[in-house]
Structures are given as C-alpha cells and as structure tokens.
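Per-entry structural report
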Amino acid sequence: MVLLKGARVVDPQVGLDAVKDVLIDGTTVAALDDVIEASDGVEVIDCAGKVLMPGFVDMHVHFRDPGFEYKEDIQTGVTAATHGGYTDVATMPNTNPITDTGTSVRYQIDRGIEFGLARVHPIGALTHGEEGESLAEIGDMTMEGACGFSDDGHGVQSAGMMRTCMEYVSQFDRPVIAHCEDESLTANGVINEGRASTRLGMFGWPALGEEIEVIRDIELCRLTGCPLHVAHISTARSLDLVRQAKADGLPVTCEVTPHHLFLTEENITDSYNTNLKVNPPLRTRNDVEALIDGLIDGSIDCVVSDHAPHAAHEKDCEFEIAYFGTIGLETTVPLLVSNLVNRGLLPWSRLVEACAVKPREILRLDPVKVEVGGEATFTIVDPCAEVAVTQDYFDSKSKNSAFLGMRLTGAASDVFVDGKQTLVNGVVAE
C-alpha cells in the first residue's frame, strides 16, 4: 500500500479541488480523506505543494516503431511519455509498414505492455498504406484495440474517399482524426504564408490549406454522423469553424499543440532553426492568441504534443529539405504549467479536462477518476519544479525540440499507472 500525503487533488469529474491524502491499495484508491494515518507497512510519499490529477493522456504521438526505430521506438517513447507525466499515449499510424491491420495494432499494444510504463493505444490508418485509395482493415483494427483512425501526416485528399472512410468508421464508435491539409494549396510550403515567408524567402503554406479541409470534414461529419476530431488545429478561423460545428450539435472536437500555443512564425529568424519547421507551420500572433483563448474557454478540447522525433541529420540541413516536426512529450506539461497555469490564465481543473478527461472521452477509453474504488492512475505535478530544456533533459531518442534553451517552471514529479509508480521524483522508474 502507498499513502500520498497532502497533495492538492484536482478532478472536475467528481467536483474535487482540495488538499487530501490518497491511499493506494494494489491498483485502486482505497481511501481519500483530509487526513489518513499511515499504518505499518505502508509506504508514505510526501506530496505537499504538489497537484494530483487523473493520469494525463497524449492522444497524438509518433513513436516511429516499426520501421523508423533510429528516431524513436516504443521503449524510448513510453519512457519519454512517463518522464513528461503521461500515463497513456495514442500512437499515430505513419510507421513503416503503415499501421493499417489488426496485427500491426496488436504489435504496438503488446510492446507497450512489455515495458510497463505509459499505456499505448494505437490509432489505425483510415486507408490502406495511407494512400487514400482504399479502406484499411478498420474492423479488424477495432477488434485488436485501435482507439481511432487517421491518415495523419498528410490526410485524405479525396472528399469522396473521406466520406467513405467516415461512413465506415461510424459503425464502430471510434473517431476519425483528421489531418486537415489540402496539398494542392500547401505544395512546397515550409512556413506560414505571409510576412515571415516573404521576409525569409521561403515557399509559403497558406492558412486556407488547413481551413478548407476543416470546412470539408465538418460537412462530411454532418452528412455521415461520424465523430470528427480535428488534429493540431493552428488558425483562428479553423477554431471558429469548430466552434460553429459544436454549436450546430455535431460530434466535432479538436486539439492543439504547445508549439502552436506558444510559438509564432516570427520565432523563425534568419538562423533558420529547423526545429521550428512543423506541420502545420507556426502561424501568426493573432492565431496564437485565439488558440489560447479557445483552450481556456473549452472550445479546444485537448492539448497534445504531436511528438515527432527525428534523427539529427534529418534536421541538421537546409530548412527547405529538413523533416517536419518537433518532439514534445517531455515539454508539454512544463510549458502549460509555466505559461498558463502558474500565471493564473488556465485553472488546474481546465488542465485536467484538456489533458486527462477529454482525450479519454474522444478515444473511447475508460474514464479515470480520483475517487474511492477508482483506478489508481495519477499524474502528480510540482508547480515549482525548475526545468532547463537542454538535450540532456530528454529521455526521447531524438532531441529535435522547438523549445531548446528555454527555462520553465512546473513539471511532473510522480506518475502512477494502475497503482504502479512509474515516475519517482522526476525520474523514470527502472
């Protein structure tokens, strides 16, 4: 048994925000009270000054396994996730081979179980090989545990094919996760089309390249009734479109990344830092302000890292040919706490909704609540922890972070998954 003493326990699902003691017995919460006395044989962990919440879920990560294990594999991926404060992750299907069969879904789940850290929930491809031409084995993948479906990385270009996908997926109570990018508009683009692309002399990627597919997929959701989740939303107009869809009663949700919340196109200077080359690209200050407001008011359902590891040689090259993406599993929580929570802009309860409650709802995972008899799966954050974002800080195999050099305040200190402590004082358990 483990007794967590004096944590501020925050769980809006049960209306809880108070300093409590939490007793873990096996995999469940045995007691929750103002003061619980420790009996013989009980391990006591002092959580004074820390915040205990339901375990965080990152529903958009790339673990590159199988096929690109030199960037990341499932072992290093779940280690990075645990270090970042996560109990669960959902892996995108653009591996090699593409995760488009039940067997490939089962492989990832089993590998995650083998390492016993963060739990892995694979997202299957919508189309075979992510080629946008024929349906993947959606029924088989659902049977093996796929929690959603996406052709993330480029998205389904044909509206007709996307309709077929959504009509089929709607039978299985799973979301379609849309990478909204019209490649006829974004071709060759490497940076947001506007002042920065002009200033730096690089091909632009217009906001409309995202927004036109957000419009399309919302209308397909209206037609098919299939739950639609808009991945890595990056523009104010895209968010307005999602807000309207929600107001219309459509089953539409969306997510945002920390780099789209805290960085803009102006951060890309004539040093051409390729860690800032992301998909979709960094947008304008107006977009960032709108996204922050959307996260605070709940229009944006959840925050994801879009953890996209790449080897050094894939980033240490000209901006135009560098790979898109930044790692983020280990900086998402520190960025949110440092920039929003500690500044009084985002309540802890809203952080719980965005990082624990809504991702589980969207992916049809069982809810986790801090209550007696509930699953002992927690993320515990020290809001005063100092984080220096250096290459040595990362447990990820790749180091391509857009936030290198920053100093942040607030990070996960301890993580429990089904009663097992996987993060101890900021260090991943052996």
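These numbers were taken from a predicted model, which means no experiment stands behind them.

Another point: the UniProt feature "domain: Dihydroorotase catalytic" (unreviewed entry) in the protein chain. The sites that carry the UniProt feature "domain: Dihydroorotase catalytic" (unreviewed entry) are, in the present numbering, residues 49-236. Secondary structure across residues 49-236 comprises 38% helix and 16% strand; the distance between its end C-alpha atoms is 36 Å.

Ranked by internal contacts, the top residues of the largest apolar core, which has 97 residues, are Met53, Leu336, Trp348 and Leu351. In terms of residue count, the dominant contributor to this core is helix H13 (residues 348-362) (seven residues). Among the domains, domain 1 (2-52 + 372-428) and domain 2 (55-363) are the pair contributing at least three residues each to this core. Among residues more than four places away in sequence, those in contact with Met53 are Val10, Trp348, Leu351, Val352, Val370, Thr377, Phe378, Thr379 and Val381. Leu4, Val9, Val22 and Phe416 belong to the second-largest nonpolar core, a separate cluster that totals 16 residues.

So, about the pattern of salt bridges. The final tally for this structure, using the stated rule, is 28 salt bridges. Taking the shortest distance from any N to any O, the salt bridge between Asp418 and Arg119 comes out at 3.3 Å. Highlighted residues: Asp418 in the loop between strand E16 (407-417) and strand E17 (420-424) and Arg119 in strand E8 (residues 119-122), separated in sequence by 299 residues. Judged by relative accessible area, which is 23%, Arg119 ranks as partly exposed. Salt-bridge contacts for Glu211 lead to Arg237; the nearest nitrogen and oxygen are separated by 3.6 Å. Of the two residues, Glu211 sits in helix H7 (residues 208-224) while Arg237 sits in helix H8 (residues 236-247), which places them 26 residues apart along the sequence. Look at Arg237 and you get partly exposed, because its relative accessible area is 42%. Overlapping salt bridges, with partners in common, bring together Asp88, Arg119, Arg360, Glu375 and Asp418 in one network.

Take the domain arrangement of the protein chain next. For the protein chain, the assigned domains read domain 1 (2-52 + 372-428) and domain 2 (55-363). The C-alpha centroid of domain 2 is placed 26 Å from the C-alpha centroid of domain 1. In this assembly, 40 residues from domain 1 lie in contact with 48 residues from domain 2. Roughly 3,500 Å² is buried in total at the junction of domain 1 and domain 2, and carbon and sulfur atoms are behind 63% of that figure. Of all residues in domain 1, the largest losses of buried area upon contact with domain 2 belong to Lys397, Asn400 and Phe403, amounting jointly to 20% of the total for that side. Where domain 1 packs against domain 2, one counts three salt bridges.

For the rest of this paragraph, the subject is the UniProt feature "binding site: Zn(2+) 1" (unreviewed entry) in the protein chain. Residues annotated by UniProt as "binding site: Zn(2+) 1" (unreviewed entry) correspond here to His60, His62, Asp152 and Asp306. In summary, the annotated positions, though distributed over 247 residues, converge in three dimensions, the widest C-alpha pair being only 10.4 Å. Mapped onto the elements, His60 comes out in strand E6 (residues 56-61). The residue His62 is located in the loop between E6 and helix H1 (74-84) in this model.

Calculation criteria
- Residues numbered from 1 in each chain as written.
- Predicted model: local features only at pLDDT ≥ 70, side-chain atom pairs only at ≥ 80, totals over all residues.
- Heavy atoms only, no water.
- UniProt positions renumbered as here; feature names shortened; annotations may be inferred.
- Helix = DSSP H or I, 4+ residues; strand = E, 2+ residues; numbered from the N terminus.
- Core = buried A, V, L, I, M, F, W, Y, C linked by side-chain atoms within 4.5 Å.
- Buried < 20%, exposed > 50% of the residue type's maximum accessible area, 1.4 Å probe, protein only.
- Domains from an automatic or database assignment.
- Contact = heavy atoms within 4.5 Å.
- Salt bridge = Lys/Arg side-chain N within 4 Å of Asp/Glu carboxyl O.
- Buried area = accessible area lost by both parts, 1.4 Å probe.

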